[in-house]
Amino acid sequence: MTGDPARQERLRELNLGLVFREVLAADAPLSRTELAAATGLTRPTITRIVEELLAGRLVTETGTNPDGRAGRPRVGLTLSRTGPAGLGLDIRSDGLAACVVDLAGRVRHLAFAPLTDTDAPAVLDRLGRMAAEAVTAAAAEDLTVVTATLAVPGPVDGGIVRTAPALGWRDVPAAELLDAALEGLGLATAVDSEANLAARGELHATGADRTLTHFVYVSGGLDIGAGLVMDGRLLRGARGWGGELGHVTVDPEGKPCRCGSRGCLQTYASLPALLGGEAVPAGASPESVILGRADAGRPETLAALETAASALGVALANVCNLLGVDTVFLGGSFALMDSWLSAGVQAELSQRVLFADWAPVTVRPATIGPDAAAIGAALAVVDRISADPSAWLAANR
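As annotated in an unreviewed UniProt entry, the protein chain is ROK family protein from Glycomyces mayteni. Turning to the protein chain, the UniProt annotation filed under Sequence similarities (unreviewed entry) states: "Belongs to the ROK (NagC/XylR) family."

K.L.:
Hey, could you run me through the overall build of the protein chain in this one?
P.N.:
Scanning the protein chain from terminus to terminus reveals 15 helices and 15 strands. For the protein chain, the C-alpha radius of gyration of 23 Å lies close to 21 Å, the compact-globule estimate for 397 residues. Taken along the three principal axes of its C-alpha coordinates, the protein chain extends 70 × 55 × 45 Å. Excluding contacts between residues fewer than 6 apart, the proportion of contacts in the protein chain whose partners are at least 24 apart in sequence is 62%. In the structure as shown, the protein chain presents an accessible area of about 18,000 Å², 53% of it carried by carbon and sulfur atoms.

K.L.:
How do you make sense of unusual backbone geometry when you look at a structure like this?
P.N.:
Of all residues except glycine, most have a negative phi; of all peptide bonds, most are trans. Positive phi values are uncommon outside glycine, yet Asp142 reaches one of about 65°. With respect to the helices, strands and loops of the structure, Asp142 is situated in the loop between helix H4 (120-139) and strand S6 (143-152). The exposure class of Asp142 is partly exposed, given its relative accessible area of 41%. A positive phi angle, near 55°, is found at Asp171, a position not held by glycine. Residue position: Asp171 is located in strand S9 (residues 169-172).

K.L.:
When you look at the layout of surface pockets in this model, what are you seeing that I'm missing?
P.N.:
Which parts of space are left empty comes out when a probe the size of a water molecule is rolled across the atoms. As a volume, the largest pocket reaches approximately 1,300 Å³. Along the wall of the largest pocket there are 42 residues; nearest its centre are Leu24, Arg200, Leu203, His204 and Val382. Elements supplying a minimum of two residues to the lining of the largest pocket: helix H1 (8-25), strand S2 (74-79), S6, strand S10 (188-193), helix H6 (194-205), strand S13 (233-235) and helix H14 (380-387). It is H14 that provides the largest number of residues to the lining of the largest pocket, a total of 5 residues. Looking at the lining of the largest pocket residue by residue, the classes come out as 20 nonpolar, 11 polar and 11 charged. Quantified by volume, the second largest pocket comes out at close to 310 Å³. If you trace the second largest pocket, you find 29 residues lining it, with Glu194, Ser219, Gly220, Gly221 and Asp223 closest to the centre. When residues of the lining of the second largest pocket are traced back to their parent elements, those giving at least two are strand S3 (83-92), H6, strand S11 (215-220), helix H11 (333-336) and helix H13 (372-378). Per element, the largest residue contribution to the lining of the second largest pocket is 3 residues, and it comes from S3.

K.L.:
Would you mind showing me how to read helix H9 (residues 286-295) here?
P.N.:
Every α-helical turn comprises 3.6 residues, leaving residues that sit three or four positions apart pointing alike. Among the residues of H9, Pro286, Glu287, Val289, Ile290, Arg293 and Ala294 are the ones counted as buried. Around the axis of H9, the buried residues are gathered within 165° of arc, so they sit on the same side. Turning to H9, the residues buried within the fold contact helix H8 (271-275), helix H10 (299-323), H11 and helix H12 (338-352). Looking one or two places after H9, you find Gly297, whose phi comes out positive at around 80°.

K.L.:
Could you clarify how one ought to interpret the pairing of strand S4 (residues 95-102) in this entry?
P.N.:
Look at any regular strand and the pattern is simple: side chains alternate between the two faces of the sheet. Buried residues dominate S4, accounting for 8 of its 8 residues. Of the pairings in the sheet, the one linking S3 to S4 comprises 8 bridges and is antiparallel in character. Counted as the bridge partner of Ile91 is Leu96 from S4. In the sheet, S4 pairs with strand S5 (residues 107-113) via 6 bridges, with the strands oriented antiparallel. The residue bridging Ala97 from the neighbouring strand is Phe112, located in S5. Linking two consecutive strands that pair antiparallel, namely S4 and S5, is a turn of 4 residues; a positive phi of about 80° is found at Gly105 within it.

How each quantity is defined
- Residues numbered from 1 in each chain as written.
- Predicted model: local features only at pLDDT ≥ 70, side-chain atom pairs only at ≥ 80, totals over all residues.
- Heavy atoms only, no water.
- UniProt positions renumbered as here; feature names shortened; annotations may be inferred.
- Helix = DSSP H or I, 4+ residues; strand = E, 2+ residues; numbered from the N terminus.
- Rg over C-alpha atoms; globule rule 2.2 N^0.38 Å.
- Contact = heavy atoms within 4.5 Å.
- Areas by Shrake-Rupley, 256 points an atom, 1.4 Å probe, with all protein chains shown as cover.
- Buried < 20%, exposed > 50% of the residue type's maximum accessible area, 1.4 Å probe, protein only.
- 1 Å grid on protein atoms, 1.4 Å probe; cavity = no way out; pocket = protein on both sides within 12 Å on 5 of 7 lines; lining within 4 Å.
- Points joined across faces, edges and corners; volume = space filled by probe spheres on them.
- Nonpolar A, V, L, I, M, F, W, Y, C, P; charged D, E, K, R; others polar.
- Arc of directions from axis to C-beta.
- Pairing = 2+ DSSP bridges.

Right, dumping it as structure tokens:
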């Protein structure tokens, strides 16, 4: 902060961002009059800013809508269905996903490909081809993809995936590989953990429910991660390394983990643990195999699911006691296995969470299922544009 007065151009940028974020946060289209009342800006200033936002394809008019008062019907303003869009790329248990969303968070393109090779350059090269196809598909709908964010199953430090045991990755320069794979597409790129991005997607999906401001999103799959949301904001931890729930110890003398420790939640509740070392048939997903065996009543699979639910509940009870969250979303693979896991998780939480008698913790399947990380990654475009909409307008005049 400085004591210098804001120059006219800077003031224009601040006001433009203020108006755009009001439209972004609104549950329904806003009129120019409502924007003036919400922001405190004059009607002529609102008119000028709205014209800029319309010309830059950041907002669109919804037509005339009666507001219940005498006089002319109002014209509503809402986020544009064309213009800037975001691309999310995800590496998950059953393959690779590419997703495009518009500014309103609507999914406009979603593609999937099997994961046939975990070698990092090969994975990023395949994602690069999927990204090019997604950008082309978006352009056909009059969308301009401006960001690409990669979701990875492990902690990320400055674009480097420090460890992703399920993929056999350690100190992989994912941001560098991503830039090379997307060369020529002209996209701003980023890399983040799959759990953080999935929680971001869930936060957007549940945005209309103002009571869901504190929750933990558990992403089950080859690895187990957690996205923590407090006061409606993603809690990232130092260096962005928070949320490694899979490596919370649930039994100090338990099974050895690929991370080098023992008794990690990962060894009891991940997909490999639930599969019990058995191979997945070609063309099938791990989740479908596990669910098929459970439905068939295989004792070892039922026992593995019971153990997983109990271990997951123990780990989550520690999170709830420490942070006071009152809602748990089972996401990723766990969303598909919710009917086999929820009761066991709930039982452990009811027994172990200190405040459970007065404020029970709710366990529920994630709203958007296995695509949460890809959608959350694509939503990075919303953060980028809302942080500085004037930059987008200046670059696209």
